[in-house]
Amino acid sequence: MTFIDLRSDTVTQPTLEMRKAMANSIVGDDVYEDDPTVNELEKMAADMVGKEAALFVPSGTMGNQIAIMTHTKFGDEIIVNAKSHIVKYEVGAAARLSGVSYSIVDNPDCRIHGNNVHEKVRGVDIHYPETGLLCLENALTDGTVVSLELMKEAYEAAKEHNIPVHTDGARIFNAAVSLGVDVKELTQYTDSVMFCLSKGLCSPVGSLLCGSKDFINKARKNRKILGGGMRQAGVLAACGLISLNTMAKRLKEDHDNAKYFAAELVKFPFIKLDMETVQINMVFFKIEKDGFDSSDFAEYLLNNNIKISANPSNEFRFVTNNDVKREQIDIVLNTMNKYFS
Ligand SMILES: *Cc1c(COP(=O)(O)O)cnc(C)c1O
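Conventions used here
- Residues numbered from 1 in each chain as written.
- Predicted model: local features only at pLDDT ≥ 70, side-chain atom pairs only at ≥ 80, totals over all residues.
- Heavy atoms only, no water.
- Helix = DSSP H or I, 4+ residues; strand = E, 2+ residues; numbered from the N terminus.
- Rg over C-alpha atoms; globule rule 2.2 N^0.38 Å.
- Contact = heavy atoms within 4.5 Å.
- Buried < 20%, exposed > 50% of the residue type's maximum accessible area, 1.4 Å probe, protein only.
- Domains from an automatic or database assignment.
- Buried area = accessible area lost by both parts, 1.4 Å probe.
- Salt bridge = Lys/Arg side-chain N within 4 Å of Asp/Glu carboxyl O.
- Polar contact = N/O pair within 3.5 Å; in protein donor to acceptor, adjacent residues only side chain to side chain.
- Near = heavy atom within 4 Å.
- Core = buried A, V, L, I, M, F, W, Y, C linked by side-chain atoms within 4.5 Å.
- Pairing = 2+ DSSP bridges.
- Axes fitted to C-alpha atoms, helices over the stretch in contact; angles between N-to-C directions.
- Phe/Tyr/Trp six-rings, centres within 6.5 Å; stacked < 30°, edge-to-face > 60°.
- Lys NZ or Arg CZ within 6 Å of the ring centre and 35° of its normal.
- Parallel < 35°, antiparallel > 145°, perpendicular 65-115°, else oblique.
- Left-handed = near helix turned anticlockwise from the far one by under 90°.
- Nonpolar A, V, L, I, M, F, W, Y, C, P; charged D, E, K, R; others polar.

1. Points about the overall build of the protein chain
Looking only at helices and strands, the protein chain features 14 helices and twelve strands. On C-alpha atoms alone, the protein chain measures out to a radius of gyration of 21 Å, which is about the 20 Å that the 2.2 N^0.38 rule sets for 341 residues. The C-alpha extent of the protein chain, read off along each of the three principal axes, is 65 × 50 × 35 Å. Put simply, 75% of the contacts in the protein chain that link residues at least 6 apart link residues at least 24 apart.

Structure follows, in structure tokens:
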């Protein structure tokens with residue numbers, strides 16, 4: 001049974017080319033740093049984001065947590081955005097693994113501005129922890145993209161206080177495509193960046209943490225502490241190379257499809273959707289219809305081989321990807337038409 005899965009881009013299936021590359025990959029033991037395919041992937045990733053070195057990690061969460069562990073010392077405070085993945089969706093890991101506390105920025109625009117950084121950085125006082133890190137994110141989990149100007153502003157503010165900057169760039173390639181810039185334009189405003197291969201880039205597993213040589217050497221040891229040292233990881237890195245060489249170039253198609261999807265969805269009079277928020281491959285909307293029951297809606301779609309995340313507040317996120325193109329979107333729209341008529 002094949003489903004049209006709108007829940008996320010993490011659900012993307014590895015492509016046929018990836019499956020073949022896995023079978024043919026030349027591998028070694030990556031803990032000894034002699035897996036040629038992992039080494040090739042790490043070099044390519046570092047080059048693409050304009051950093052000296054990179055580290056292949058099992059997940060985006062681990063990449064962020066290694067970055068926090070590597071930049072900070074036990075007891076530091078880190079500046080983070082209230083709606084960020086690090087705050088909302090990483091099980092409070094930074095407190096547990098790195099012993100840091102959060103200084104949370106909670107702006108209505110869900111972005112960290114330069115003045116927030118100046119306000120949050122701790123001065124010298126016996127009562128205060130030290131500020132150890134600024135965490136940025138791009139694209140944001142709400143599917144919008146942070147401008148180059150704002151990244152620059154926050155980065156420069158941190159630098160005035162000699163504070164390192166990490167960017168959770170799980171979807172940094174989507175952000176770059178949306179802004180129409182090379183990804184290096186964004187990553188020049190961060191000391192380290194994590195991005196995911198396993199979302200819109202279709203790899204089955206894996207993320208990359210990139211930064212200076214010195215930073216990555218320390219990060220490699222922290223990856224070992226967390227149990228993330230992998231052995232013949234070249235079978236996975238082989239997919240990662242295809243993600244970077246091929247899949248990163250097709251993200252605009254996902255974004256165009258998301259805009260198409262959104263433009264069709266707003267034709268339902270009871271769907272509330274702000275087209276301005278459709279900036280990458282995600283469409284957020286709300287259904288405001290008397291008697292509407294989101295679990296009944298989700299069940300109907302599932303019976304028609306369409307997977308969505310049901311939400312009691314009737315707010316939905318539909319995500320386009322390599323497996324959800326025009327053809328699949330049209331099937332979903334037809335099915336919704338049937339459900340609502
Ligand atoms: C998905 C995601 C992560 C974490 O990636 P996992 O591989 O699921 O651990 C981190 N940050 C953001 C913004 C994400 O969307």
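2. Considerations on helix 8 (residues 172-179)
Residues of helix 8 that are buried include every one of Ile172, Phe173, Asn174, Ala175 and Ala176, and no others. For helix 8, the elements touching its buried residues are helix 2 (36-49), strand 6 (165-168), helix 9 (183-187), strand 7 (192-196), helix 11 (234-245) and helix 12 (251-265). With its phi angle positive at about 70°, Gly180 sits one or two positions after the end of helix 8.

3. As for the domain arrangement of the protein chain
As far as domains go, the protein chain holds domain 1 (10-248) and domain 2 (250-340). Averaged C-alpha coordinates put domain 1 and domain 2 at centres separated by 29 Å. Across the contact, 22 residues belong to domain 1 and 13 residues belong to domain 2. Summing both partners gives a buried area of about 1400 Å² for domain 1 against domain 2, and 57% of it is carried by carbon and sulfur. In this structure, the connection of domain 1 to domain 2 is made through zero salt bridges. At the junction of domain 1 with domain 2, the criterion picks out six residue pairs in polar contact (both at pLDDT 80 or more).

4. Topic: the site of the ligand
Close to the ligand lie 14 residues, the nearest being Gly60, Thr61, Asp168, Arg171 and Lys199. Within the backbone of Gly60, a nitrogen or oxygen atom sits 2.9 Å from an oxygen atom of the ligand. A distance of 3.0 Å is found between an oxygen atom of the ligand and a side-chain nitrogen or oxygen belonging to Arg171. Among the elements of the structure, helix 3 (60-71) and strand 7 are those that each provide at least two residues to the shell around the ligand. Of all the elements, helix 3 adds the most residues to the shell around the ligand, at three residues.

5. Section: the nonpolar core
Core analysis: the biggest nonpolar cluster contains 58 residues, and Phe56, Val117, Leu134, Phe173, Phe195, Leu208 and Leu244 have the highest contact counts within it. Looking at which element gives the most residues to this core, the answer is helix 7 (residues 148-160), with seven residues. Of the domains in this structure, domain 1 (10-248) and domain 2 (250-340) are the two that each give at least three residues to this core. Discounting chain neighbours no more than four positions away, the residues touching Val117 are Ile79, Ile112, Leu134, Ala154, Ala157 and Ala158. In terms of nonpolar packing, the next biggest core, distinct from the first, is built from 28 residues, Ala262, Leu273, Ile306 and Val324 among them.

6. Some remarks on the sheet that holds strand 12 (residues 315-319)
Ordered by their spatial adjacency, three strands build an open sheet running 9-10-12, and the pairing between neighbours is antiparallel. The sheet is open, and its two edges are formed by strand 9 (271-272) and strand 12, each paired on a single side. With two bridges connecting them, strand 9 and strand 10 (residues 282-287) associate as antiparallel partners. Considered in strand 10, the bridge of Lys272 is made with Lys286. Sheet strands touched by helix 12: strand 9, strand 10 and strand 12. Its angle to strand 10, the strand with the most contacts, is close to 15°.

7. Considering the packing of aromatic side chains
In the structure shown here, the tally under the stated rule is 16 aromatic pairs. Each member of the aromatic cluster is reached from another via a ring pair, and the members are Phe261, Phe268, Phe270, Phe285, Phe292, Phe297, Tyr300, Phe316, Phe318, Tyr339 and Phe340. One residue, Arg122, lies across the ring of Tyr128, its end atom 4.8 Å from the ring centre. It is Arg326 that lies over the ring of Tyr260; its NZ or CZ is 3.8 Å from the centre.

8. Describing the packing of helix 2 against helix 11
At their nearest, the axes of helix 2 and helix 11 sit 8 Å apart, and the two run at 30° to each other. Comparing their axes, helix 11 and helix 2 come out roughly parallel. For the element pair helix 2 and helix 11, the recorded crossing hand is left-handed. For the pair formed by helix 2 and helix 11, the contact residues are Thr37, Val38, Glu40, Leu41, Met44, Ala45 and Met48 on the first element and Gly234, Ala237, Ala238, Gly240, Leu241, Leu244 and Asn245 on the second. Of the residues assigned to the contact of helix 2 with helix 11, the class counts are nine nonpolar, four polar and one charged.

9. Things to note about the sheet that holds strand 6
For sheets, the rule is that strands pair by backbone hydrogen bonds, running either parallel or antiparallel. Reading across from one edge, 2-8-7-6-5-3-4 is the order of the seven strands in this open sheet, with mixed pairing throughout. Of all strands in the sheet, those bounded by a partner on one side alone are strand 2 (53-57) and strand 4 (101-105). Put simply, the sheet's adjacent strands are angled 20° from each other on average, direction ignored. Inspection of the sheet shows strand 3 (residues 77-81) paired to strand 5 (residues 131-137) by three bridges, in the parallel sense.

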